[in-house]
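Structural overview for review
Chain residues, written in single-letter form:
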Amino acid sequence: MLKYYHPKQVERSEVDFGTPAVEGSMVNLTIDGRSVDVPEGTSVMRAAMMAGVKIPKLCATESVQAFGSCRLCLVKIEGHRGLPSSCTTPATEGLVVQTYNAEIAKIRRNVMELYISDHPLDCLTCPANGDCELQDVAGEVGLREVRFGLDGANHLDAETDDSNPYFAFDASKCIVCSRCVRACEEVQGTFALTIAGRGFESRVSAGQSEPFVASDCVSCGACVQACPTATLIEKSVLDQGQPDHSVLTTCAYCGVGCSFKAELKGNQVVRMVPDKGGAANAGHSCVKGRFAFGYATHRDRVTTPMIRAHIDDPWQPVSWDAAVQFAADRITAIQQHHGPESVGGITSSRCTNEETYLVQKLVRAAFGNNNVDTCARVCHSPTGYGLKATLGESAGTQAFDSVESADLVMVIGANPTDAHPVFASRLKRRLRAGAELIVADPRRIDLVSGPHIKALHHLKLLPGTNVALINALAHTIIDEELQDQAFIDDRCDQPAFARWRDFIMASRNSPESLSSAIGVSAEVLRAAARRYASAKNAAIYYGLGVTEHSQGSTMVMGIANLAMLTGNLGREGVGVNPLRGQNNVQGACDMGSFPHELPGYRHVSDDKVRLSFETAWGVKIGAEPGLRIPNMLDAAISGTYKGLYCQGEDIAQSDPNTRHVESALKNLDCLIVQDIFLNETAKFAHVFLPGASFLEKDGTFTNAERRISRVRKVMPPLSGKADWEATMALSTALGYPMQYQHPAEIMAEIAALTPTFSGVSYDKLEAVGSIQWPCNAEAPTGTPTMHVNEFVRGKGHFEPTEFIATEEKVTRRFPFLLTTGRILSQYNVGAQTRRTANIAWHDRDWLEIHPQDAEDMGVVQGDFVLVTSRAGETVLTAELTDRVQPGVVYTTFHHPESGANVVTTDNSDWATNCPEYKVTAVHLKKVVAGSAWQTEHQHFSEQQRRLLAPAKTRNSHETV
Amino acid sequence: MTQSELDHLIKMANQIAAHCAPGASEAVAAEKAANHIQRFWAASMKRQLIAYFNADGEALSETAQAAILQLNA
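What counts and how
Residues numbered from 1 in each chain as written. Chains lettered and ligands numbered in written order. Predicted model: local features only at pLDDT ≥ 70, side-chain atom pairs only at ≥ 80, totals over all residues. Heavy atoms only, no water. Helix = DSSP H or I, 4+ residues; strand = E, 2+ residues; numbered from the N terminus. Rg over C-alpha atoms; globule rule 2.2 N^0.38 Å. Buried < 20%, exposed > 50% of the residue type's maximum accessible area, 1.4 Å probe, protein only. Contact = heavy atoms within 4.5 Å. Areas by Shrake-Rupley, 256 points an atom, 1.4 Å probe, with all protein chains shown as cover. Lys, Arg positive; Asp, Glu negative; His and termini not counted. Charge placed at Lys NZ, Arg CZ, Asp CG, Glu CD. Buried area = accessible area lost by both parts, 1.4 Å probe. Salt bridge = Lys/Arg side-chain N within 4 Å of Asp/Glu carboxyl O. Polar contact = N/O pair within 3.5 Å; in protein donor to acceptor, adjacent residues only side chain to side chain. Nonpolar A, V, L, I, M, F, W, Y, C, P; charged D, E, K, R; others polar. 1 Å grid on protein atoms, 1.4 Å probe; cavity = no way out; pocket = protein on both sides within 12 Å on 5 of 7 lines; lining within 4 Å. Points joined across faces, edges and corners; volume = space filled by probe spheres on them. Expected span 1.5 Å × (residues − 1). Arc of directions from axis to C-beta. Phe/Tyr/Trp six-rings, centres within 6.5 Å; stacked < 30°, edge-to-face > 60°. Lys NZ or Arg CZ within 6 Å of the ring centre and 35° of its normal. Core = buried A, V, L, I, M, F, W, Y, C linked by side-chain atoms within 4.5 Å. pLDDT = per-residue confidence, 0-100.

**What about the overall build of chain A?**
Counting its regular elements, chain A contains 30 helices and 37 strands. Over its C-alpha trace chain A gives a radius of gyration of 29 Å, about what one expects of a compact globule, namely 30 Å for 960 residues. Along the three orthogonal principal directions, the C-alpha set of chain A runs to about 90 × 75 × 65 Å. By the burial criterion, 65% of the 960 residues in chain A qualify as buried. Nonlocal contacts in chain A, meaning residues at least 24 apart in sequence, comprise 73% of its contacts between residues at least 6 apart. Roughly 33,100 Å² of accessible area belongs to chain A as shown, and the carbon and sulfur atoms make up 51% of that amount. Taking the average place of the 90 positive charges on the side chains of chain A and the average place of its 110 negative ones, the gap between the two points comes to 1 Å.

**What about the interface of chain B and chain A?**
Counting residues at the interface gives 24 residues for chain B and 31 residues for chain A. When chain B packs against chain A, the two sides together hide about 2,200 Å² of surface, and 52% of this comes from carbon and sulfur. If you sort the residues of chain B by the area they bury against chain A, His19, Arg39 and Phe40 of chain B come out on top, with a joint share of 26%. Where chain B touches chain A, the interface holds 2 salt bridges. The partner of Lys46 of chain B in a salt bridge is Glu624 of chain A, and the shortest N-O contact between them spans 2.4 Å. Counting across the interface, chain B meets chain A through 10 residue pairs in polar contact (both at pLDDT 80 or more). Every element with two or more residues in the side of chain B that touches chain A is listed here: α1 (3-19), α2 (26-40) and α3 (43-55) of chain B. Here the side of chain B that touches chain A gets 9 residues from one element, more than from any other, and that element is α1 of chain B. Looking at the side of chain B that touches chain A residue by residue, the classes come out as 11 nonpolar, 8 polar and 5 charged.

**Focus on empty space enclosed by the protein**
All names here are of chain A. As enumerated under the stated definition, the model contains 14 cavities of 30 Å³ or more in all. The volume enclosed by the largest cavity comes to roughly 570 Å³. Around the largest cavity, the lining is made up of 37 residues, and of these Leu544, Glu548, Thr820, Gly821 and Lys918 lie nearest the centre. Of all elements in the fold, only α18 (544-547) and β32 (816-821) reach the threshold of two or more residues within the lining of the largest cavity. Here the lining of the largest cavity gets 3 residues from one element, more than from any other, and that element is β32.

**Thoughts on the side chain of Glu749 of chain A**
Residue and element names in this part refer to chain A. On the secondary structure map, Glu749 appears in helix α26 (residues 743-753). Judged by its relative accessible area of 17%, Glu749 falls in the buried class. If near-sequence neighbours (up to four positions away) are discounted, Glu749 is found in contact with Tyr357, Lys361, Trp617 and Tyr740.

**What about helix α2 (residues 102-116) of chain A?**
All names here are of chain A. With 15 residues, α2 ought to run about 21 Å at 1.5 Å a step, and its terminal C-alpha atoms sit 21 Å apart, in line with that. Next to the buried residues of α2 lie β3 (76-77), β4 (96-98) and α3 (133-141). Sitting at the head of α2, Asn101 places a side-chain oxygen 3.0 Å from the backbone nitrogen of Glu103.

**Some thoughts on the environment of Gln653 of chain A**
All names here are of chain A. By the secondary structure assignment, Gln653 is in helix α23 (residues 651-654). Once the C-alpha coordinates of Gln653 and Asn901 are considered, the two residues, 248 residues apart in sequence, prove to be 7.0 Å apart. With sequence-adjacent residues up to four places away left out, Gln653 is seen in contact with Glu680, Val829, Arg834, Phe893, His894, His895, Pro896 and Asn901.

**Describing helix α16 (residues 511-518) of chain A**
Every α-helical turn comprises 3.6 residues, leaving residues that sit three or four positions apart pointing alike. Residue and element names in this part refer to chain A. Restricting attention to buried positions, one finds in α16 the residues Pro511, Leu514, Ser515 and Ile518. Within α16, the buried residues cover an arc of 125 degrees as seen down the axis, which keeps them to one side. Looking at the buried side of α16, the elements it contacts are α13 (466-479) and α17 (522-534). Trailing α16 by a residue or two, Gly519 shows a phi angle of about 85 degrees, which is positive.

**Focus: the packing of aromatic side chains**
Residue and element names in this part refer to chain A. Applying the stated criterion across every chain yields a total of 21 aromatic pairs over all chains. On the numbers, 6.1 Å between centres and 75 degrees between planes, the contact of Tyr357 with Trp617 is edge-to-face. Taken together, the residues Tyr357 in helix α9 (residues 353-367) and Trp617 in helix α21 (residues 607-617) connect sequence positions 260 residues apart. Taken individually, Tyr357 and Trp617 each receive the classification buried, so the pair is uniform in this respect. Three or more aromatic residues joined by ring pairs make a cluster, and in this case those are Tyr166, Phe167, Phe169, Phe212, Phe291 and Trp841. Above the ring of Tyr890, the side-chain terminus of Arg443 is found at 3.8 Å from the ring centroid.

**A word on the nonpolar core**
Residue and element names in this part refer to chain A. Residues Phe167, Leu232 and Leu437 are the most contacted members of the largest nonpolar core, which totals 72 residues. The element that contributes the greatest number of residues to this core is helix α12 (residues 421-432), accounting for 4 residues. The residues contacting Leu437, other than those within four sequence positions of it, are Val409, Val411, Leu431, Leu447, Ile453, Ala455, Leu456 and His457. Residues Trp320, Cys670, Ala722 and Tyr762 belong to the second largest nonpolar core, which totals 63 residues.

**Describing the environment of His596 of chain A**
The residue His596 of chain A is located in the loop between α20 (585-590) and β24 (597-598) in this model. Sequence spacing of His596 of chain A and Arg526 of chain A is 70 residues, and the spatial spacing of their C-alpha atoms is 40 Å. Beyond its immediate chain neighbours, meaning those up to four positions away, His596 of chain A contacts Arg364, Arg602, His603, Val604 and Pro625 of chain A together with Arg39 and Phe40 of chain B.

**Focus on the confidence of the model for chain A**
Residue and element names in this part refer to chain A. In this model, chain A carries a mean pLDDT of 94, and residues with pLDDT of at least 70 account for 98%. A low-confidence stretch, residues 1-12 stays under pLDDT 50, and its non-local contacts, those more than four residues away or across chains, total 35 contacts. Ignoring residues within four places in sequence, the model shows residues 955-960, a span with pLDDT below 50, making 10 contacts including any to other chains.

Written out as structure tokens, the structure reads:
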């Protein structure tokens with residue numbers, strides 16, 4: 001007898017079961033004589049599929065709820081009248097179902113005949129030929145003739161909307177099954193699509209009958225995925241035809257880490273299709289991962305190693321051997337002149353775990369110091385510090401699935417619909433199902449109010465007052481005795497709690513005392529605290545709006561305190577969830593990229609840990625921490641730090657106080673940049689090692705929920721080497737040979753040396769798809785929820801979190817606060833997304849300014865505004881919007897020429913040096929031209945492009 | 001060492017002294033700050049800070065100075 005289908009047991013399944021899985025007690029029914037057990041409430045259609053019986057369907061697909069419109073799936077049920085649609089009929093105990101008889105066959109054929117009477121008969125030239133459910137079903141039902149002809153009223157002349165850069169909407173092929181409309185609602189949660197008109201006039205409409213690109217559509221691709229015909233189809237398929245093979249891999253954009261099938265012809269990716277079996281995304285995607293992959297083969301890719309003596313010299317293309325030897329010689333010479341500590345490296349959060357591990361190993365073993373850091377320095381380093389101090393592990397506590405059990409979600413300093421869109425869709429689904437939402441953000445993010453979603457409270461705090469906010473919330477909970485005392489008594493360190501309790505109960509931490517600093521009334525603060533504390537399951541999700549402050553680490557500890565105080569840790573539906581920026585920022589941190597930690601977050605001063613690495617690597621490792629990125633830059637300006645190996649990061653654009661970064665880079669004797677493009681940092685480099693995109697290599701990424709997923713090579717590296725191979729070559733040239741044949745061997749070394757990874761292997765990843773660390777003997781299948789019966793550190797530790805305001809304050813000279821962030825269509829420094837059609841949505845960085853402030857300065861939409869801080873000045877284009885509050889302005893940093901980081905200061909988090917991107921006091925002035933920095937930047941970029949030109953025009957195989 | 005590098009180190013030391021044990025006694029705060037610097041600063045940064053403290057130290061907060069004394073020890 002067939003058993004109940006559980007999607008997790010059949011991961012990566014290609015089968016469309018027609019309607020979503022449901023949970024419930026099991027019932028037994030009989031379908032075409034086959035007995036099957038399913039959860040009560042499962043559709044008869046799904047039950048049939050589980051019994052191995054496929055029922056014809058058009059309007060049903062597993063990703064959306066049943067609709068019952070196409071009438072193809074009707075069945076006969078014993079004892080029931082008529083022929084109900086199987087997609088909308090729930091399974092109950094003892095049903096006896098017949099899916100096929102002469103009467104049913106006749107009706108199905110008639111239905112299909114009607115569909116086809118209003119559908120173009122151009123199958124042979126149709127882009128969906130061979131991949132069309134309408135075609136399939138016509139075959140299944142045995143359609144042989146269309147008696148009605150095509151002369152009557154029809155939609156065959158309906159126009160195609162090709163306004164979206166990535167997909168076309170050919171209305172003439174639409175069968176109005178509404179799968180796209182339901183996908184937009186249920187899967188994505190945007191509600192951009194609807195069925196306009198009635199009866200014969202019914203048609204799919206984006207917004208108020210607007211072109212797709214002008215509507216609320218966010219180009220997530222859910223509608224394209226759901227469409228059974230060629231109506232909604234990728235333009236890449238229109239251009240190239242259907243792909244013929246596929247490779248399962250992991251997206252290289254944000255920290256959600258979606259699983260995708262890269263579908264190819266030869267070595268060319270035709271489309272990226274979200275994988276239904278992917279645990280992080282469950283078949284959903286966003287505009288970046290789904291469509292914006294063209295950068296990987298963009299003409300700007302530099303695929304030849306290059307060297308030059310000085311940054312004013314033209315780039316010289318050379319062989320790999322020549323490039324790594326040049327780099328190794330320079331590094332060796334620098335260390336001879338300036339000492340072993342005068343060089344270091346930056347690992348990449350965009351590269352794989354294995355590559356990151358190798359770079360920190362190269363720094364520690366071949367450079368012989370601990371001067372290794374990673375871009376987490378400028379994003380989530382406070383998360384690592386704060387969560388380790390309070391809970392005992394530098395990582396989020398939950399799986400993304402957990403949000404489905406949350407009753408209240410508090411989003412602090414994160415903008416999931418833009419920066420983590422696929423997680424945002426899950427969150428929105430839960431909110432539509434009734435979970436409550438509190439948003440703490442200076443800016444009105446989309447989540448505050450959207451289709452069928454409204455935050456209970458939007459705590460519109462002033463930038464820089466996070467700690468005041470979290471203290472006010474915690475104070476209220478104790479003051480009103482809403483804490484989970486049993487949890488605190490059982491799970492937390494008592495003396496630490498007592499000290500913290502005294503601290504938080506001081507009157508300076510009351511909402512009444514703090515409300516004017518925060519800019520939110522005491523009543524609202526108290527109301528929000530009550531809701532958080534009284535929800536059965538309350539979860540906190542936070543982002544860089546928490547960490548990128550002078551008190552970033554304090555705020556992370558404050559969040560952990562709040563979760564412990566209310567017992568919201570150690571089970572599904574709760575927790576402390578950092579939303580990671582880059583795809584492998586979690587992994588880069590895990591892999592020992594910090595100058596004070598070896599892989600697995602173990603301090604370099606720990607003799608036992610150091611000994612294990614020294615034994616495995618055959619070198620001595622220093623017990624003192626190395627330099628962090630800002631310290632490296634300072635030391636470079638001072639002349640004591642002369643060589644840097646920078647893999648897959650663009651610190652000249654992404655790091656604060658650009659002029660300071662540029663001065664530091666200009667002072668280096670050897671800057672080795674490994675990247676897929678000649679990025680802003682590479683303009684200061686002496687050695688360029690061509691990088692490989694995620695499509696060109698094997699490895700693993702670890703997403704924000706600690707999930708380790710495979711990255712698989714779908715095409716050979718354009719430069720001839722994957723990044724891990726380039727690092728090996730450099731290390732070997734430096735006299736520390738590395739000889740791995742495959743990244744699986746690197747992972748084996750990581751597992752052997754890192755207790756939280758000891759159960760991880762490529763074989764296991766092949767078998768189970770993905771694993772959430774810790775994965776070891778105690779947790780052989782991984783750990784979706786952390787701190788279940790006990791915190792990693794033993795007892796949870798409450799840390800006092802005094803609100804000490806940042807030095808970056810508004811003054812008469814700098815009367816506005818600038819805060820920065822990201823938008824949906826662009827990613828980080830934009831190096832990838834700017835080289836795709838995503839540019840259609842965001843071709844420049846805008847300065848959001850409140851209309852009231854704009855009016856005071858005589859600024860109108862589109863005006864140039866000079867933004868001046870104590871660090872520097874740049875000119876941005878004004879966008880008038882009440883998303884920002886008066887006195888606060890906002891911009892993104894996706895375009896290098898915007899110079900957003902020319903303005904941000906060198907203020908940083910007290911514990912980790914994470915820059916304070918989110919608070920910069922600025923002066924604004926209407927101007928007519930760009931800033932001095934922008935002019936210099938333009939000249940420098942043009943010069944560097946000229947110096948690259950000879951190298952780009954020469955054959956990539958030509959070497960010197 | 002440039003002035004800006006020194007300024008950063010002084011600022012960082014003062015920040016750590018102020019933030020790492022708010023409300024605690026001077027002795028406890030200094031001990032925690034010293035421990036933090038010990039665990040997270042590169043040896044060269046510690047040396048530079050100690051050199052500045054020995055030569056001048058004026059710009060350092062009292063807690064930061066007490067912390068550096070422990071690094072010295």
